[in-house]
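Residue-level listing of the chains:
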Amino acid sequence: MEALCTSNTNQFQALLCDSSSAPLRPLAISLKPCSLFSTTLRTRTSIVSSTPRYPSLKISVSSSASSIETATTISPVPSEMKAWVYGEYGGIDVLKFDSKVSVPEINEDQVLLKVVAAALNPVDGKRRQGKFKATDSPLPTVPGYDVAGIVVKVGSQVKNLKEGDEVYGNINEKALENPHQFGSLAEFTAVEEKLLALKPKNLDFSQAAGLPLAIETAYEGLEKAGLSAGKSVLVLGGAGGVGSLAIQLAKQVFGASKVAATSSTGKIELLKSLGVDLAIDYTKDNFEDLPEKFDVVFDAVGQSDKAVKAIKEGGSVVVLTGAVTPPGFRFVVTSNGDVLTKLNPYLESGKIKPVIDPKGPFSLSQVVEAFTYLEAGRATGKVVIHPIS
């Protein structure tokens, strides 16, 4: 997953928006459409047969969610869209930009989203490298799990969502089992209603996009580990996308009596700002050698051999990646929009805050750069893609 490459986006042609100032100004980026991928995608999938209409977006860059407005102008859903695709497994260099990918059709239980923002996850890289190709959807693939956007079309069996709703979610119920061929790194994506929740009112689309897979993993992982009020927890990788949310959930939702977490020297202050009681600099201290032990260890970095040495007798270790040392156990999230809905009050009250890497957001033209940055292991919190246009 550490495979890196440099961006070759100067070979392509497109018009995108610069997210560095407000109001947005046009930014000319060369992006050359990849006709091979668009042709293959159109062969394997159907173009939307009807042309529903959706509210145009008027977006300004601001930390306030109130700056994102939905205008009343109605625009048709096109038959083609811009997207990043890959037609073979490999490193970051297999990613290609295509401006003529067919907009996916929706099933009865799905909605079509106009993607406003997306976020990257380590599982995107593992999928692209073919780590679980036996259970993957057919190539070519539009990558991306996390999404925040606006509903522009609803299936006949959709019960609660309607056109114009602002939503967020992880579009794949099972991260490693038959994920959608059309992901969120595109202008449109189709998602099952049950995987989505209304976007928290106080968050903008970029902030919301950085939450779904990470917060669902953190919440369900802590739940599986048996964390409850009065228990202690150690989070390994507390400055990462999942770890930063696990810290906050442990404190605010599960009522942990003590929360400890590890990070490098430069991120210790971030841990403290998230509410950590004991911040451990892993470049100076070995957490497994500390005299204090914990009821739960949440391992987001793949150190279960050391994690099992840090638990109390009868404690548990939940492992997200790497080899598993007993009594640790592997955990892979099953996404559910109900979890997001349950956690929305904590987000809207400010008790839980998204942590977005300060280098971002990256624009749609910078996806190669964003993956390179993420897979180098330098990110703090989530790497977000915005705007999608």
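Scroll up for the structure.
Residues numbered from 1 in each chain as written. Predicted model: local features only at pLDDT ≥ 70, side-chain atom pairs only at ≥ 80, totals over all residues. Heavy atoms only, no water.

### A closer look at the overall build of the protein
Then, number 1: Check the secondary structure of the protein and you find 9 helices and 18 strands.
Then, number 2: For the protein, buried positions account for 55% of its 389 residues.
Then, number 3: When the accessible surface of the protein is split by element, carbon and sulfur atoms take 50% of a total near 15900 Å². (Helix = DSSP H or I, 4+ residues; strand = E, 2+ residues; numbered from the N terminus. Buried < 20%, exposed > 50% of the residue type's maximum accessible area, 1.4 Å probe, protein only. Areas by Shrake-Rupley, 256 points an atom, 1.4 Å probe, with all protein chains shown as cover.)

### Observations regarding the pairing of strand β15 (residues 294-299)
Then, number 1: Counting buried positions along β15 yields 5 of 6 residues, so the element is predominantly enclosed.
Then, number 2: Bridging between strand β12 (residues 232-236) and β15 involves 4 bridges; their strand directions are parallel. Within β15, the residue paired with Val-235 across the bridge is Phe-298.
Then, number 3: In the sheet, β15 pairs with strand β16 (residues 311-319) via 5 bridges, with the strands oriented parallel. (Pairing = 2+ DSSP bridges.)

### Points about helix α4 (residues 212-224)
Then, number 1: The first and last C-alpha atoms of α4 sit 18 Å apart over 13 residues, in line with the 18 Å expected at 1.5 Å per residue.
Then, number 2: Within α4, the full set of buried residues consists of Pro-212, Leu-213, Ala-214, Ile-215, Glu-216, Thr-217, Ala-218, Tyr-219, Glu-220, Gly-221 and Leu-222.
Then, number 3: Count one or two residues on from α4 and you reach Gly-226, which has phi positive near 85°. (Expected span 1.5 Å × (residues − 1).)

### Quick word on the sheet that holds β15
Then, number 1: Judged by pairing direction, the sheet is parallel, and its 6 strands sit side by side in the order β14-β13-β12-β15-β16-β17 without closing on themselves. Each edge of the open sheet carries a strand with a single partner, namely β14 (278-281) and β17 (329-330).
Then, number 2: Helix-sheet contacts for α4 involve β12, β15, β16 and β17, and the interaxial angle to β15 is about 145°. (Contact = heavy atoms within 4.5 Å. Axes fitted to C-alpha atoms, helices over the stretch in contact; angles between N-to-C directions.)

### Brief notes about the nonpolar core
Then, number 1: With 51 residues, the main nonpolar core has Ile-215, Leu-222, Val-233 and Leu-249 as its most contacted residues.
Then, number 2: Apart from the residues within four sequence positions on either side, Leu-222 is in contact with Leu-227, Val-233, Ala-246, Leu-249, Ala-250, Phe-254 and Phe-298. (Core = buried A, V, L, I, M, F, W, Y, C linked by side-chain atoms within 4.5 Å.)

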